[in-house]
Amino acid sequence: MIAKISSGKSTAGLIRYLYGPGRANEHTDPHLVASWDGYAPDPGRANNIAAARQQLVEDLDLRVKQADRLGRAPKQHVWHCSLRAAPGDRILADAEWADIARRVVAATGIAPVDDPDGCRWIAVRHAPDHIHIAATKVRGDLRPARHWNDYLTADRELVAIEKEYGLQQVIRGDRTAAKRPHRAEQEKALRSGRAKAARERLRTMVRTAAAAATDTDEFLGLLARTKGVLIEVLYFPSGEPRGYKVALENDRNANAEPVWFSGSTLAPDLSLPKIQSRLAAVEVPASAVEERLGPHAWHQATAATERIPHHLDQPDAEAAQAHLAAFGEALDAVALTAPPSIRTELRSAASAFERATRSRVRAEHHHARALRGAVKAMLREPAPKDGAALAMFLDAALLVVIAAARWHDRRQHEQQVAAAHKSLLHLQAAYDHSAATPLLVLGQRQPPQNLADRYVRLIRQAAAAHADQVLADPAAQALITAMADAEAAGHDPKRLLQQAADERALDDARSPARTLAWRVHRLSQKPAPSQRALAAQARSTALRSMPPSPSVPAAPPTAPTARSRRR
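Thresholds, definitions, all that
- Residues numbered from 1 in each chain as written.
- Predicted model: local features only at pLDDT ≥ 70, side-chain atom pairs only at ≥ 80, totals over all residues.
- Heavy atoms only, no water.
- Helix = DSSP H or I, 4+ residues; strand = E, 2+ residues; numbered from the N terminus.
- Buried < 20%, exposed > 50% of the residue type's maximum accessible area, 1.4 Å probe, protein only.
- Contact = heavy atoms within 4.5 Å.
- Areas by Shrake-Rupley, 256 points an atom, 1.4 Å probe, with all protein chains shown as cover.
- Pairing = 2+ DSSP bridges.
- 1 Å grid on protein atoms, 1.4 Å probe; cavity = no way out; pocket = protein on both sides within 12 Å on 5 of 7 lines; lining within 4 Å.
- Points joined across faces, edges and corners; volume = space filled by probe spheres on them.
- Nonpolar A, V, L, I, M, F, W, Y, C, P; charged D, E, K, R; others polar.
- Salt bridge = Lys/Arg side-chain N within 4 Å of Asp/Glu carboxyl O.
- Phe/Tyr/Trp six-rings, centres within 6.5 Å; stacked < 30°, edge-to-face > 60°.
- Lys NZ or Arg CZ within 6 Å of the ring centre and 35° of its normal.
- Core = buried A, V, L, I, M, F, W, Y, C linked by side-chain atoms within 4.5 Å.
- Axes fitted to C-alpha atoms, helices over the stretch in contact; angles between N-to-C directions.
- Expected span 1.5 Å × (residues − 1).
- Polar contact = N/O pair within 3.5 Å; in protein donor to acceptor, adjacent residues only side chain to side chain.
- pLDDT = per-residue confidence, 0-100.

Quick look at the overall build of the chain
For step 1, the next point in the chain: Across its full length, the chain holds 23 helices and eight strands.
For step 2, the next point in the chain: Across the 567 residues that make up the chain, the buried fraction comes to 48%.
For step 3, the next point in the chain: For the chain, the share of sequence-separated contacts (at least 6 apart) that also reach a separation of at least 24 residues comes to 73%.
For step 4, the next point in the chain: Accessible surface for the chain amounts to roughly 29400 Å². Of this, 52% is attributable to carbon and sulfur atoms.

Notes on the pairing of strand β3 (residues 78-84)
For step 1, the next point in the chain: Of all seven residues in β3, six are buried; the element is thus mostly enclosed.
For step 2, the next point in the chain: In this structure, strand β1 (residues 2-8) lies alongside β3, joined through seven bridges in antiparallel fashion. Residue pairing for β3: Ile5 is matched across the bridge by Cys81.
For step 3, the next point in the chain: As paired elements, β3 and strand β5 (residues 130-136) share seven bridges and run antiparallel to each other. Residue pairing for β5: His80 is matched across the bridge by Ala134.

Section: empty space enclosed by the protein
For step 1, the next point in the chain: Under the defined criterion, the tally for this structure stands at one cavity of 30 Å³ or more.
For step 2, the next point in the chain: Estimated volume of the largest cavity: approximately 40 Å³.
For step 3, the next point in the chain: Taken together, Thr11, Leu14, Ile15, Leu60, Val78, Ala134, Ala135 and Thr136 make up the lining of the largest cavity.
For step 4, the next point in the chain: Secondary-structure elements contributing two or more residues to the lining of the largest cavity are α1 (11-18) and β5.
For step 5, the next point in the chain: For the lining of the largest cavity, the residue count by class is six nonpolar, two polar and no charged.

Focus: the pattern of salt bridges
For step 1, the next point in the chain: Across all of its chains, the model carries 31 salt bridges by this definition.
For step 2, the next point in the chain: A salt bridge links Glu162 to Arg172; the shortest N-O distance between them is 3.0 Å. Here Glu162 is found in helix α4 (residues 150-165), whereas its partner Arg172 is found in the loop between α4 and α5 (183-191), with 10 residues between them in sequence.
For step 3, the next point in the chain: Judged by its relative accessible area of 2%, Glu162 is buried.

Re the layout of surface pockets
For step 1, the next point in the chain: Volume-wise, the second largest pocket comes out at about 740 Å³.
For step 2, the next point in the chain: Taken together, 28 residues line the second largest pocket, and the ones lying closest to its centre are Arg201, Thr204, Met205, Thr208 and Arg347.
For step 3, the next point in the chain: Listing elements by their share of the lining of the second largest pocket, those giving two or more residues are α6 (198-212), α7 (216-225), α13 (317-337), α14 (340-353) and α15 (369-380).
For step 4, the next point in the chain: The dominant element in the lining of the second largest pocket, judged by the number of residues it contributes, is α6, at seven residues.
For step 5, the next point in the chain: In the lining of the second largest pocket, the residues fall into nine nonpolar, eight polar and 11 charged.

Points about the packing of aromatic side chains
For step 1, the next point in the chain: Per the counting criterion, the structure on display carries three aromatic pairs.
For step 2, the next point in the chain: Relative to Phe393, the ring of Trp298 lies with its centre 6.5 Å away and its plane at 80°, an arrangement referred to as edge-to-face. Here Trp298, found in helix α11 (residues 297-306), pairs with Phe393, found in helix α16 (residues 388-410); they are 95 residues apart in sequence, far enough to count as distant.
For step 3, the next point in the chain: The buried category is assigned to Trp298, whose relative accessible area is 4%.
For step 4, the next point in the chain: Here Lys245 stacks its cationic end above the ring of Trp260, 5.3 Å away from the centre of that ring.

Description of the nonpolar core
For step 1, the next point in the chain: Counting residues in hydrophobic clusters, the biggest one holds 79 residues, and the most contacted among them are Phe327, Leu346, Leu394, Leu427, Leu479 and Val520.
For step 2, the next point in the chain: At 15 residues, α16 tops the list of elements feeding residues into this core.
For step 3, the next point in the chain: Core analysis: the second largest hydrophobic core is formed by 29 residues, Val33, Val104, Ile131 and Ala145 among them.

Remarks on unusual backbone geometry
For step 1, the next point in the chain: Within the chain, Asn149 stands out as a residue other than glycine whose phi angle is a positive 55°.
For step 2, the next point in the chain: Within the secondary structure layout, Asn149 lies in the loop between β5 and α4.
For step 3, the next point in the chain: Non-glycine residue Gln412 carries a positive phi angle of around 60°.
For step 4, the next point in the chain: Position of Gln412 among the secondary structure elements: in the loop between α16 and α17 (414-444).
For step 5, the next point in the chain: Since its relative accessible area comes to 68%, Gln412 is described here as exposed.

Some words on the sheet that holds strand β6 (residues 229-235)
For step 1, the next point in the chain: Taking strand neighbours across the sheet as the criterion, the three strands line up as β6-β7-β8 in an open arrangement whose pairing is antiparallel. The open sheet has two edge strands, β6 and β8 (261-262), and neither has a second partner.
For step 2, the next point in the chain: As paired strands, strand β7 (residues 241-248) and β8 are joined by two bridges and run antiparallel to one another. Counted as the bridge partner of Val246 is Phe261 from β8.
For step 3, the next point in the chain: Each of β6 and β7 touches α7; the most contacted strand, β7, lies at about 15° to it.

Quick notes on α13
For step 1, the next point in the chain: Compared with the 30 Å implied by 1.5 Å per residue over 21 residues, the 31 Å span of α13 between its first and last C-alpha is a close match.
For step 2, the next point in the chain: Sitting at the head of α13, Asp316 places a side-chain oxygen 3.3 Å from the backbone nitrogen of Glu318.

A few points about the environment of Leu346
For step 1, the next point in the chain: In this fold, Leu346 is placed in helix α14.
For step 2, the next point in the chain: For the pair formed by Leu346 and Ala429, sequence separation is 83 residues and the distance between their alpha carbons is 8.9 Å.
For step 3, the next point in the chain: Setting aside residues up to four positions removed in sequence, Leu346 forms contacts with Val334, Ala335, Ala338, Leu394, Leu427 and Ala430.

Structural notes on the confidence of the model for the chain
For step 1, the next point in the chain: Looking at the chain, pLDDT values average 88 and 89% of them are 70 or higher.
For step 2, the next point in the chain: Across the chain, the secondary-structure element scoring lowest on mean pLDDT is helix α10 (residues 288-291), at 43, and the one scoring highest is helix α3 (residues 94-108), at 97.
For step 3, the next point in the chain: Segment residues 551-567 is flagged for pLDDT under 50; beyond a separation of four residues in sequence, or across chains, it makes zero contacts in the model.

Points about the environment of Arg460
For step 1, the next point in the chain: Along the chain, the position of Arg460 falls in helix α18 (residues 449-462).
For step 2, the next point in the chain: For Arg460, a relative accessible area of 44% gives the class partly exposed.
For step 3, the next point in the chain: Between the C-alpha atom of Arg460 and that of Leu471, which follows or precedes it by 11 residues, the distance is 8.8 Å.
For step 4, the next point in the chain: Setting aside chain neighbours within four positions, we find Arg460 in contact with Ala467, Asp468 and Leu471.
For step 5, the next point in the chain: Side chain to side chain, Arg460 and Asp468 meet in a polar contact 3.0 Å long.

Set out below in structure tokens:
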């Protein structure tokens, strides 16, 4: 059950709507189910509807008029709360709705229990699945109603009501979600043949521009160059931008003027200051194409993505939230460059995961510099044409979304958990489509049988917990080929496989064989370490694992000796 609460200044207008036909003739049997004293007139059951409606308005407004004569009446004196049952809930009786209404007005402070000076209110039912509560916000002592945080207090009471009445427990948010389109916006989109309202389409465009940009000027420039988008930038007297608003060229009001949306009205994290704080936490790595060395930008982004589940297991919630926000930008970027065959699925995955990138936890964006910088570089460097880089990234992304759902679930972020699960379905479909051909090509190049048998033994050693599952998977052939390619490039296949197996989140992989194949394939793209580097690494590992000797005291630090000056 959900509540929607608003304020107004016309009691007569609200009563006229509640007892009228509705916007689409959906009010079939409007009638009163409860009121402040149980004796309020019910226009829905009266012979003279107009007279009863007028009497009801006068009764509700009695204290408002008294307070107005004393100069105490609030301008927005009408309190309106609609309560709707979830789809699939049983049909509640009028008496049950009456009890629910009394509990809500008491919980919100409109009419506390055993308070004779509570506000006047009524509950009207004109559909099987919902009621409307109308109240005037002046108490019997002519003071304003004390209904602060009424949305939150109503929501808490509805949680208890759902449990007691055996109703569906609705997923609740933390007031960090993007604003939903109004009914008028949705109907306008339908009339124009659009599946999404202008607000939602602009939100996607702005989010994509923020994912691609490296600074404020580039962000605003990308929006200005986006087809069909109008942008207006607001400036401080110093000339620095302080905000922006966007509109669609073909979205006009009755006066043929563009319908503008500021960034903050599109989503809480799309205001210009919020975007600037994310752009400040960007370190775009030098392109491998330009320097002719180092990993490809897509491999850098995949490596940074693979580390996110580890970050989500750490106690630093602000850092974890930053990595989730950066990963959301990565999904936007990949959807921008993906092949047409999976672009729709990736856009749906990014759009769904957008809700999981925000919570009450404040993101410390500097923690996600590596991922955010790799994403920017990824957009500037074309992906390898064989499709393996995209499949590699999506395989890592699947594990991130699973870890994100678990992270939010631990903190009871219900909407974010649902968003992650929804995103996972689209992401899995995109991965299955994109990975099929690269895995098939990789698996067809089988090494000689003696080498394959050796790699099987290495798999049993390095991934003992998953060995049977890995070797029974058809993707095991791709893993063996990846190990052979790595050894041919000068890598130690045992060390590389161990490194791939030691990375976290392998337990969450639907196919550990595929995940290991992609990790080995990505790691083998790096230059093989020289013998000197391997020896140095071995010495360093041995020293770290060696316990300190109690009999030999550590040498005290010595001050540097000054060189004698030559005369």
